[in-house]
Every structure is written in structure tokens, then in C-alpha cells.
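As a plain string of letters, each chain reads:
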Amino acid sequence: MSIVVTGASGQLGRLTVEALLARGVPAADVIATSRDIARIKDFADRGVVVRRADFVEPDSLAAAFEGADKLLLISTTTVDERVANHRRAIDAAVTAGVSLVAYTSMSHADRATTVLASTHRVTEEYLRERAVPSVMLRNSWYLENYTAQLPLVLRNGVVVGSAGQGRISAAARADYADAAAVVLTTEGHAGEVYELGGDEAFTLAELAAAISAASGKQVTYTDLPADGLAQVLTGAGLPAELAHVLVDADLGMSRGELFTASGDLRRLIGRPTTPPADAIADALR
Ligand SMILES: NC(=O)c1ccc[n+]([C@@H]2O[C@H](COP(=O)([O-])OP(=O)(O)OC[C@H]3O[C@@H](n4cnc5c(N)ncnc54)[C@H](OP(=O)(O)O)[C@@H]3O)[C@@H](O)[C@H]2O)c1
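None of these values were measured; they are calculated from a predicted model. Residue positions are counted from 1 within each chain, in the order its sequence is given. Given that the model is predicted, a residue must reach a pLDDT of at least 70 before its local features are reported, and side-chain atom pairs must reach 80 or more before they are shown or counted; all residues, however, enter totals for whole chains, interfaces and linings.

*Asks:* What is the right way to look at the overall build of the protein chain in this model?
*Replies:* A run of H or I in DSSP becomes a helix once it reaches four residues, and a run of E becomes a strand once it reaches two; helices and strands are each numbered from the N terminus. Each helix and strand in the protein chain was counted, giving 13 helices and nine strands. Computed over C-alpha atoms, the radius of gyration of the protein chain comes to 19 Å, within 12% of the 19 Å expected from 2.2 N^0.38 for 285 residues, which places it in the range of a compact globule. For the C-alpha atoms alone, the extent of the protein chain along its principal axes is close to 55 × 35 × 35 Å. Labels follow a simple rule on C-beta atoms placed from the backbone: if 20 or more others lie within 10 Å of a residue's own, it is buried; if 12 or fewer, it is exposed; otherwise it is partly exposed. A buried classification covers 47% of the 285 residues belonging to the protein chain. We take the radius of gyration over the C-alpha atoms and set the globule estimate at 2.2 Å times the residue count to the 0.38 power.

Here is the structure:
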């Protein structure tokens, strides 16, 4: 039984390959893909099958997915090209005759109104249109989106955002990866839609308080209007399009679009999710 993990060079993909191996899947049954296989040479050295796949090149996808039983389709990075990329990957999965496509979608992709969610909604629709057995892994935000910002936050003593009082069910990438590994190695997931998120949702004010508690430094939350946040992000060097997508995501958070109380993540991984305070403490070490 071969399991393909796309985006295996990326942070979520790497953790998913590790989670599959940790769950006892033989390395020879895991196919890790990247546009540049040199980036995943370490997996090849451990016996994982490594193949080149570029979602822009259908031929590379056909070769990469050949003989695959299950496929984890990790959403690609660039928002503009995402839907076309995913359609090509889904077409290749259908041609390869996979028995299951697990897709890393986003919270409430069917009804959330952000730009990001719309790319996931269209991809989910295409999976249904192509009638390939599929399971939606609707991931909320990554905790690492916040912990990666800790040096800056501590320097400035402030978390900035436009999420208002919205609660965010952010979870650690490793927990989402473990959930993906469970779905790929156990039966009964075709047709399911999992709303995956951390057990402890938080507002950005609560995140600032948790950072204060862990660091001993006073950190507060400043809620900015959308154009104010866009200015901060572009001022920090982000391209305007990315800043727009991130501001839009924060506005989605303010409407509760990255909140879930489903418990799906903890149920799938069979343990409580990583508490935000632990992720912050780890990042500060
Ligand atoms: N939930 C969240 O908070 C959140 C935040 C950011 C992103 N995301 C989404 O989750 C995905 C995984 O997150 P991550 O942190 O693992 O991202 P990451 O570390 O940036 O990895 C992205 C992966 O996408 C692959 N990729 C990009 N374009 C591709 C293409 N044209 N063809 C094939 N592969 C392509 C890259 O593979 P190669 O470059 O090796 O080919 C890389 O492995 C992201 O791509 C994005 O869709 C979610």
C-alpha cells in the first residue's frame, strides 16, 4: 500500500512523513514528493521513495502518483495559482486510480468568506466533481504562525492584528500532521469532513497574555483596522498581495471562521492537542 505525501519538503509535509513512519508504515511504502528532490534527499536516505512532482506539470504528477493507493494533497503555497494546481493534482490522482485523496483544506471552507477559504472551497468542490473518494482535513491556523513571530512580538511588546474578539482554534503543525497520518493509515475516512483545530481556542488578546505569562515581559494586543494592519505588514517587508491575504484572514478570524469546537483533531490523534502555552514555552527555549 503506497501513500503519497505531496509538499514533503515543506513543514507540514515533513512532519506527516515522519508521523507515517512513526506509525509503522514501512519507508518503502511512503512516496514523498517535491519540485526539487534534493530537498528531500534525507528521506531517500532512509528508504522513503522520493519523486519529483510539480503541480504545474501534469506529466510530473502522473509519474509521481503512479502505483499510489492513498494521497495526501497538501495545498500549495501561492494563492493565485492554487486552484489550477490542485485541479491538475486531483486529475492525476483520478488517473492513478487512488483509493483516497486526503486534502489539507481550511476551517469551514464551505461557508467561510476569506480569499484563502475560497481557494479551498473550490478545491473541495472539484474533488467531489471528479468523484474521487476523498476526506477533507480542514485545518485551522498553525500555532507556529504566532510562535514564529515571538522575537518581534517581544521586541515590540505588542501583538497586532485585526481579529477583534474572534477565537482562533490554532493547533501545532505536528498535531495536524499526526491527524493526516491517522487518516492515511486507518479505514473509514472517505466522505468525511474533519474540522481540525486545537482544544484551547484563544483571542489575540489572550495570546498576548499567554506570551506575557511565559516570557515575563508585558505584551498587549492592539487591534487595528484592516488598512492599518496592511500598512504594518507591508512596512515589515511583506508583498502587498500577501499582506492583503493575511489581513483578510484576520477579518475572517474576527467572524469566527477559524474557530471550531468539533474535537475532531483530538479524536483523530487520540490525545489532547498541544496547548498554546506549551508551544509558546517551547519556542522561547
Ligand atoms: N493553516 C495555516 O495556518 C497555514 C499557514 C500557511 C500555509 N498553509 C497552507 O498549508 C500548506 C502547508 O503548509 P507548510 O507550513 O508545510 O508550508 P511550506 O513549508 O511553505 O511548504 C509548502 C509546500 O508546498 C509545496 N509546493 C508549493 N508549490 C508547489 C507546486 N507548484 N508543486 C508542488 N509542490 C508545491 C512545496 O514543495 P517544493 O517547493 O519542495 O516543491 C512545499 O513542500 C501551505 O502550502 C499552505 O497551502 C496553512
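*Asks:* Before we go on, may I ask you to explain the nonpolar core in this structure?
*Replies:* Most often, soluble globular proteins have nonpolar side chains that are buried together. By size, the foremost hydrophobic cluster in this structure holds 86 residues, and its most contacted members are Ala32, Phe65, Ala93, Val101, Ala102, Leu137 and Ala180. Among the elements that take part in this core, helix H8 (residues 173-185) stands out by supplying eight residues, more than any other. Every residue in contact with Ala93, bar those within four places of it in the chain, is listed here: Phe65, Leu71, Val98, Val101 and Val132. A set of buried Ala, Val, Leu, Ile, Met, Phe, Trp, Tyr and Cys residues, joined through C-beta atoms within 7 Å, is what we mean by a nonpolar core. What counts as a contact here is a pair of residues whose C-beta atoms, placed from the backbone, lie within 7 Å.

*Asks:* Would you explain the environment of Ala208 in this entry?
*Replies:* Note on placement: Ala208 falls in helix H9 (residues 204-215). Along the primary structure Ala208 and Gly197 are separated by eleven residues, whereas in three dimensions their C-alpha atoms are 19 Å apart. Contacts of Ala208, omitting those with residues within four sequence positions, involve Val159, Val219, Thr220 and Tyr221.

*Asks:* Explain the packing of helix H10 (residues 226-235) against helix H11 (residues 240-254) here, please?
*Replies:* Describing two packed helices takes the angle between their axes plus the distance from one axis to the other. Only the contacting stretch of a helix is used when fitting its axis, a line to C-alpha atoms as for every element, and angles between N-to-C directions run 0 to 180 degrees. Taken N-terminus to C-terminus, the directions of H10 and H11 make an angle of 140°; their axes are 9 Å apart at the nearest point. With respect to H11, the axis of H10 lies oblique. Handedness of the crossing formed by H10 with H11: right-handed. Note on element contacts: H11 touches H10 through Ala240, Ala243, His244, Leu246, Val247, Asp250 and Leu251, opposite Ala226, Leu229, Ala230, Leu233 and Thr234. Orientation categories follow fixed angle ranges, with anything under 35 degrees roughly parallel, anything over 145 roughly antiparallel, 65 to 115 roughly perpendicular, and all other angles oblique. The hand of a helix crossing depends on one turn: near helix anticlockwise from the far one by less than a right angle means left-handed, and clockwise means right-handed.

*Asks:* Even after reading the chapter, I still don't get the site of the ligand, so can you show me in this structure?
*Replies:* Here, nearness means that the C-beta atom of a residue, built from backbone geometry, sits within 6 Å of the molecule or strand in question. Around the ligand there are 25 residues in total, and Ser9, Gly10, Ser34, Arg35 and Ser75 lie nearest to it. Counting residues per element, the shell around the ligand draws most heavily on helix H1 (residues 11-22), at three residues. Per-class residue counts for the shell around the ligand are seven nonpolar, 14 polar and four charged. Nonpolar residues are Ala, Val, Leu, Ile, Met, Phe, Trp, Tyr, Cys and Pro. Charged residues are Asp, Glu, Lys and Arg, and all others, Gly as well, are polar.

*Asks:* Please explain the sheet that holds strand S8 (residues 193-196) as it appears in this structure.
*Replies:* Working definition: the strands of a sheet are paired by backbone hydrogen bonds and lie parallel or antiparallel to each other. In short, DSSP must find at least two bridges between two strands for them to pair. Read across the open sheet, the seven strands follow the order S3-S2-S1-S4-S5-S6-S8; overall the sheet is parallel. Edge strands, defined here as strands with exactly one partner in the open sheet, are strand S3 (49-52) and S8. On average, each strand axis in the sheet is inclined to that of its neighbour by 20°, with strand direction left out of account. Along the sheet, H8 contacts strand S1 (3-5), strand S4 (70-73), strand S5 (100-106), strand S6 (134-139) and S8; its crossing angle with S6, the most-contacted strand, is approximately 170°.

*Asks:* Is there a simple way to think about unusual backbone geometry in this case?
*Replies:* Most of the time, phi is negative for any residue but glycine, and the peptide bond is trans. Positive phi is not limited to glycine here, since His108 has a value of about 50°. For His108, the position within the fold is in the loop between S5 and helix H5 (115-129). Residue His108 is classed as buried on the basis of its C-beta count, with 23 C-beta atoms lying within 10 Å. At Ala131, a position not held by glycine, the phi torsion is positive, near 55°. By secondary structure assignment, the location of Ala131 is in the loop between H5 and S6.

*Asks:* Even after reading the chapter, I still don't get helix H3 (residues 58-65), so can you show me in this structure?
*Replies:* Residues lying three or four places apart along an α-helix face the same way, a consequence of the helix completing one turn every 3.6 residues. Along H3, the positions that sit buried rather than exposed are Leu61, Ala64 and Phe65. Taken down its axis, H3 places every buried residue within 85° of arc, on the same side. Gly67 lies just past H3 and shows a positive phi near 80°. This arc corresponds to the set of directions leading from the helix axis out to the C-beta atoms.

*Asks:* Is there a simple way to think about the environment of Leu154 in this case?
*Replies:* Note that Leu154 resides in helix H7 (residues 150-156). Separated by 145 residues in the primary sequence, Leu154 and Ser9 place their C-alpha atoms 30 Å from one another. When sequence neighbours within four positions are dropped, the list of residues in contact with Leu154 reads Ser215, Lys217 and Val219.

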